[in-house]
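# Tertiary structure, described
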Amino acid sequence: MSRPLAPELFASLDPLSLAGSRCPACATVQFPPAPQCAHCAADGPAPIALPTSGRIWTWTVQRFAPKAPYVSPASGFVPYPVGYVDLGEVLVETLLQVGDRSPAIGDEVHLRRAPVGTGEHFTYAFGA
Ligand SMILES: [Zn+2]
């Protein structure tokens, strides 16, 4: 059974949802959740589950291997698309899994699990 690499990023594993926080003073939503609002510095943002679908806000291609715990495949590092997905109240930086085609700004994408390394752990991604 695969486990989340960073459990604090998830509000729920089944169904899968990301954990965010909403400021009690200004309603700013943050991902990942934080104990203090990044907009107005108020303490005590409340935990929320973020929407599981959104639209690609922008994207690029990761052309070098990230630092550990990323593990390159035995066959060598393969560049992959990353970007920001607009979930309505917050932008989430993410892997993009759209198959053989290029991502497109504005495309609708959905939250999914992304295996890490040998598959013992997973992280999140958004895909078509
Ligand atoms: Zn605030």
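Look a little higher up for the structure.
Residues numbered from 1 in each chain as written. Predicted model: local features only at pLDDT ≥ 70, side-chain atom pairs only at ≥ 80, totals over all residues. Heavy atoms only, no water.

A separate point is the packing of aromatic side chains. Within the structure shown, the criterion is met by 4 aromatic pairs. Here F10 and F122 contribute two aromatic rings whose centre-to-centre distance is 5.6 Å and whose plane-to-plane angle is 65 degrees, an arrangement assigned as edge-to-face. In this pair, F10 is assigned in strand β2 (residues 10-13) and F122 in strand β10 (residues 121-127), connecting sequence segments 112 residues apart. Judged by its relative accessible area of 9%, F10 is buried. The exposure class assigned to F122 is buried, which follows from its relative accessible area of 2%. Taking the centre distance of 5.6 Å and the plane angle of 90 degrees together, the rings of F31 and Y124 count as edge-to-face. Here F31, found in the loop between β4 (29-30) and β5 (46-49), pairs with Y124, found in strand β10; they are 93 residues apart in sequence, far enough to count as distant. With a relative accessible area of 16%, F31 lands in the buried category. Among the residues examined, Y124 registers a relative accessible area of 10% and is labelled buried. Residue placement shows R113 over the ring face of F122; its charged tip is 4.2 Å from the ring centre. (Phe/Tyr/Trp six-rings, centres within 6.5 Å; stacked < 30°, edge-to-face > 60°. Helix = DSSP H or I, 4+ residues; strand = E, 2+ residues; numbered from the N terminus. Buried < 20%, exposed > 50% of the residue type's maximum accessible area, 1.4 Å probe, protein only. Lys NZ or Arg CZ within 6 Å of the ring centre and 35° of its normal.)

Okay, the coordination of the zinc ion next. At the metal site, the zinc ion is ligated by C23 (SG), C26 (SG), C37 (SG) and C40 (SG), and these contacts range over 2.3 to 2.4 Å. One way to put it: the 4 donor atoms around the zinc ion meet at angles of 105 to 115 degrees, and that makes the site tetrahedral. Read in sequence order, the donor residues coordinating the zinc ion give the pattern C-x2-C-x10-C-x2-C. Of this pair, C23 sits in the loop between β3 (16-22) and β4 while C37 is found in the loop between β4 and β5, placing the two residues 14 residues apart along the sequence. Among the residues examined, C23 registers a relative accessible area of 3% and is labelled buried. (Donors = N, O, S within 2.8 Å, 3.2 Å for Na, K, Ca; no water. Tetrahedral: all angles 85-135°; square planar, octahedral: opposite > 155°, others 65-115°.)

Attention now goes to unusual backbone geometry. For the peptide bond that leads from D14 to P15, omega is 0 degrees, which places it in the cis range. In this structure, A27 is a non-glycine residue whose phi angle is positive, near 70 degrees. Assignment of secondary structure puts A27 in the loop between β3 and β4. Take A27: its relative accessible area is 41%, and that puts it in the partly exposed class.

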